[in-house]
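The primary structure of each chain is shown beneath.
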Amino acid sequence: MFRRLQSMSYPRKKQLYGLMFVLPWIVGFVLFFSGPLLTSLKFAFQNMEMTPEGLKGTFVGGDNFMYAIFKDPQFIRETVDSFVNMLYGVPLILVYALFVAVLLKNKFRGRGLMRAIAFLPVIVASGVLMEILKEDIFSQGVRGGTDTVYLFGGGGINGVLTELGFGPKLIEVFNSVIARIFDLTWRSGVQVLLFLAGLHAISGELYEASSVEGARSWEQFWKITLPMLTPFILLNVIYTIIDTFTDYGNGVVLMIYNTAFEQVRFGYSSALSWIYCLLIGLFLGLVYALLKKRLVHLHN
């Protein structure tokens, strides 16, 4: 076994290492996610009704899909809004994450604390607190429709601003700004981590050689740092798009949740989920095809 590993070429070993890293996910998908996934696909072609004997389905073919695409204005509106929000939200998150990663790479007093603060969303996002926060966001979205909701809000300072003489409109704008800043910071943790890993992978000899040639920090960033980070930029673009489309405050996600658990329309909700999933997949394929050539060319 070990002799066979030693005789492998380096690219083959890298492929094997990659397979070992994703193997737990593959096993988990087959054991825990493939069954519910196929069940939701079956529900999408049925009209599900709650009966005394349990949930019963009647086959309706593609009626759920046709209704969602051609007759449901709310789904079309929320889907378009999701794509529009993604178009300005993803670049904003990536620019912010790259800016923070560049700052955290340098040595300065308190760097450990700042890194801990930047990575805090990554730690909390996998814990019980995030599940509680998500349930609260879902309940807000269901009660208030599918308007934009935020993980954090500035409602706690409303009294202070009112006492200072600010009007309701100005307070609303102030709260919206606070919510967006917190959301931007919260959703950039993984991206900062990936960019920081990419920055540490860049050889310091490149910067030393360019300094000898008279290159300044600004020129080093555009000629060395950014081109060397292109694989991580592509990875972060794909991750951020998926994270934005599946966010707990996304209008389509809230609509699917509301259709399934408030209106008890599991068949239609499943159809909405599959349409949305296919749209995301097609969009990701398009983005990957467009960016890969440009970023690889820049990297080379």
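Keep in mind it's a predicted model, so treat the numbers as computed, not measured. (Residues numbered from 1 in each chain as written. Predicted model: local features only at pLDDT ≥ 70, side-chain atom pairs only at ≥ 80, totals over all residues. Heavy atoms only, no water.)

1. Structural notes on the overall build of the chain
Helix and strand counts for the chain stand at 14 helices and two strands. A total of 300 residues make up the chain; the buried ones form 33% of that total. When contacts within the chain are restricted to residue pairs at least 6 apart in sequence, those whose partners lie at least 24 apart make up 68%. Total accessible area on the chain stands at roughly 19,500 Å², and carbon and sulfur atoms take up 68% of it. (Helix = DSSP H or I, 4+ residues; strand = E, 2+ residues; numbered from the N terminus. Buried < 20%, exposed > 50% of the residue type's maximum accessible area, 1.4 Å probe, protein only. Contact = heavy atoms within 4.5 Å. Areas by Shrake-Rupley, 256 points an atom, 1.4 Å probe, with all protein chains shown as cover.)

2. Description of the packing of helix α9 (residues 189-201) against helix α12 (residues 230-245)
Two numbers describe how α9 lies on α12: the axes approach to 10 Å, and their chain directions differ by 170 degrees. What the angle tells us is that α9 and α12 run roughly antiparallel. Contact residues: α9 offers Val190, Gln191, Leu194, Phe195, Ala197 and Gly198, while α12 offers Phe232, Ile233, Leu235, Asn236, Tyr239 and Thr240. (Axes fitted to C-alpha atoms, helices over the stretch in contact; angles between N-to-C directions. Parallel < 35°, antiparallel > 145°, perpendicular 65-115°, else oblique.)

3. Considerations on the packing of aromatic side chains
All chains considered together, the criterion is met by 11 aromatic pairs. Seen from their ring centres, Phe221 and Trp222 are 5.4 Å apart, and the 85 degrees between their planes marks the pair as edge-to-face. Given a relative accessible area of 44%, Trp222 falls into the partly exposed group. Through pairs of rings, three or more aromatic residues link up here, namely Phe83, Phe245, Tyr276 and Phe283. (Phe/Tyr/Trp six-rings, centres within 6.5 Å; stacked < 30°, edge-to-face > 60°.)

4. Overview of the pairing of strand β2 (residues 54-59)
Strand direction decides the pairing type here: strand β1 (residues 46-51) and β2, joined by six bridges, are antiparallel. The residue bridging Met50 from the neighbouring strand is Leu55, located in β2. (Pairing = 2+ DSSP bridges.)

5. With respect to the side chain of Thr259
Along the polypeptide, Thr259 turns up in helix α13 (residues 251-261). The class for Thr259 is buried, based on a relative accessible area of 3%. If we skip the residues at most four places from it in the chain, Thr259 touches Val264, Arg265, Tyr268, Ser269 and Leu272.

6. Quick notes on the layout of surface pockets
The volume enclosed by the largest pocket comes to roughly 830 Å³. Put simply, the parts of the chain that give the lining of the largest pocket at least two residues each are α2 (10-44), α12, α13 and α14 (266-299). A per-element tally of the lining of the largest pocket places α14 first, with 10 residues. Across the lining of the largest pocket, the residue classes tally to 18 nonpolar, seven polar and no charged. (1 Å grid on protein atoms, 1.4 Å probe; cavity = no way out; pocket = protein on both sides within 12 Å on 5 of 7 lines; lining within 4 Å. Points joined across faces, edges and corners; volume = space filled by probe spheres on them. Nonpolar A, V, L, I, M, F, W, Y, C, P; charged D, E, K, R; others polar.)

7. Considering the packing of helix α4 (residues 73-105) against α9
Closest axis-to-axis distance for the α4/α9 pair is 8 Å, and the angle between their directions is 50 degrees. By the angle between their axes, α4 is oblique relative to α9. In this structure, α4 crosses over α9, and the sense of that crossing is right-handed. Counted together, Ile93, Leu94, Ala97, Leu98, Val100, Ala101, Val102, Leu104 and Lys105 of α4 and Gln191, Val192, Phe195, Leu196, Leu199 and His200 of α9 form the full contact between these two elements. Its residues assigned to classes, the contact of α4 with α9 shows 12 nonpolar, two polar and one charged. (Left-handed = near helix turned anticlockwise from the far one by under 90°.)

8. Let's talk about the side chain of Ser82
When you line up the elements, Ser82 lands in helix α4. The exposure class of Ser82 is buried, given its relative accessible area of 3%. Discounting residues that sit within four places of it in the chain, Ser82 has contacts with Phe245, Asn250, Val252 and Tyr276.

9. So, the environment of Met66
As for its placement among the helices and strands, Met66 is situated in helix α3 (residues 63-70). C-alpha of Met66 to C-alpha of Ala271: the two residues are 205 residues apart in sequence and 9.5 Å apart in space.

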